[in-house]
Amino acid sequence: MTVCLDSWAVLAWLDGESPTLERIEGLLADRPVISWVNVVDVYHRVERDHGRRSADDVLSELRIILDVELPGTARMIQTARLKARLPIALADCFAVATAAAHRLPLLSGDPEILKTPDLPCAVEDLGSR
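This report concerns the structure included in the present document. Going along each chain's sequence as written, the residues are numbered from 1 onward. It should be noted that, the model being predicted, local features are given only for residues of pLDDT at least 70 and side-chain atom pairs only at 80 or more, the latter also being counted only at that level, while totals for whole chains, interfaces and linings use all residues. Side-chain descriptors were evaluated using all non-hydrogen atoms of the structure, hydrogens and water having been removed beforehand.

The interhelical angle for the contact between helix H1 (residues 7-14) and helix H4 (residues 52-65), taken along N-to-C directions, is 115 degrees, at an axis separation of 13 Å. Classified by the interaxial angle, the pair formed by H1 and H4 is roughly perpendicular. The crossing of H1 and H4 is right-handed. Here Val-10, Trp-13 and Leu-14 of H1 lie close against H4, whose contacting residues are Val-58, Glu-61, Leu-62 and Ile-65. Any residue that is not Ala, Val, Leu, Ile, Met, Phe, Trp, Tyr, Cys, Pro, Asp, Glu, Lys or Arg is counted as polar, Gly included; the first ten are nonpolar and the last four charged. The class makeup of the residues in the contact of H1 with H4 is 6 nonpolar, no polar and 1 charged. Every axis in this analysis is a line fitted to C-alpha atoms, fitted for helices over the stretch in contact. Angles between the N-to-C directions lie between 0 and 180 degrees. Under the scheme used here, helices are H or I runs from DSSP no shorter than 4 residues and strands are E runs no shorter than 2 residues, and both carry numbers assigned from the N terminus. For classification purposes, an angle smaller than 35 degrees is called roughly parallel, one larger than 145 roughly antiparallel, one from 65 to 115 roughly perpendicular, and anything else oblique. Two helices cross in a left-handed way if the nearer one is turned anticlockwise from the farther one by less than a right angle. They cross in a right-handed way if the turn is clockwise. Pairs of residues are marked as contacts when any of their non-hydrogen atoms sit within 4.5 Å.

Below is the structure:
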């Protein structure tokens, strides 16, 4: 694995948005890591917009092509500490904590993440490529 993905990145990829589509497609062979919390976020959005069957299909695909990581106690505490000091969503904090734990860049286009200074991981802006 060479990068970490957040929910924003996966949803943009699923929607076929350029340049996110091309960037992520080029990384799939390396199995990017993603937190289960972010996968749950993707699942609920897909179910809300396209139905449960589509959400189940997306979940099955993501589990094959991504390294979906279930956070343990230490990661959850690290995430809570991030949430206590950062003005970003809890799912975003899980993405940041996962990237930081693996010392990987986080791929995102989420404005909340992109405008937050002093994150414990590098962030690649998928919206400006």
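Next comes the rest of the write-up.
A cis amide bond links Ser-18 with the next residue in sequence, Pro-19, at an omega value of 5 degrees. Residue placement: Pro-19 occurs in the loop between H1 and helix H2 (20-25). In this structure, Arg-31 is a non-glycine residue whose phi angle is positive, near 50 degrees.

Structurally, Pro-105 is set in the loop between helix H6 (90-102) and strand E4 (106-108). Only protein chains enter the calculation, and the probe is 1.4 Å; a residue is then buried if its accessible area is under 20% of its type maximum, exposed if over 50%, and partly exposed in between. Judged by its relative accessible area of 27%, Pro-105 is partly exposed. A C-alpha to C-alpha distance of 22 Å links Pro-105 and Asp-15, two positions 90 residues apart in sequence. Sequence-distant contacts of Pro-105, that is, excluding residues within four places in its chain, are made with Thr-2, Val-3, Cys-4, Ala-99 and Ala-122.

Moving on, we get to the nonpolar core. We define the nonpolar core as a collection of buried residues of types Ala, Val, Leu, Ile, Met, Phe, Trp, Tyr and Cys that are connected through side-chain atoms lying within 4.5 Å of one another. If you look at the biggest cluster of nonpolar residues, it comprises 21 residues, and the most contacted ones within it are Leu-5, Val-10, Trp-13, Ile-34, Val-42, Leu-62 and Leu-66. Residues Val-33, Leu-86, Ala-100 and Leu-106 belong to the second largest nonpolar core, which totals 16 residues.

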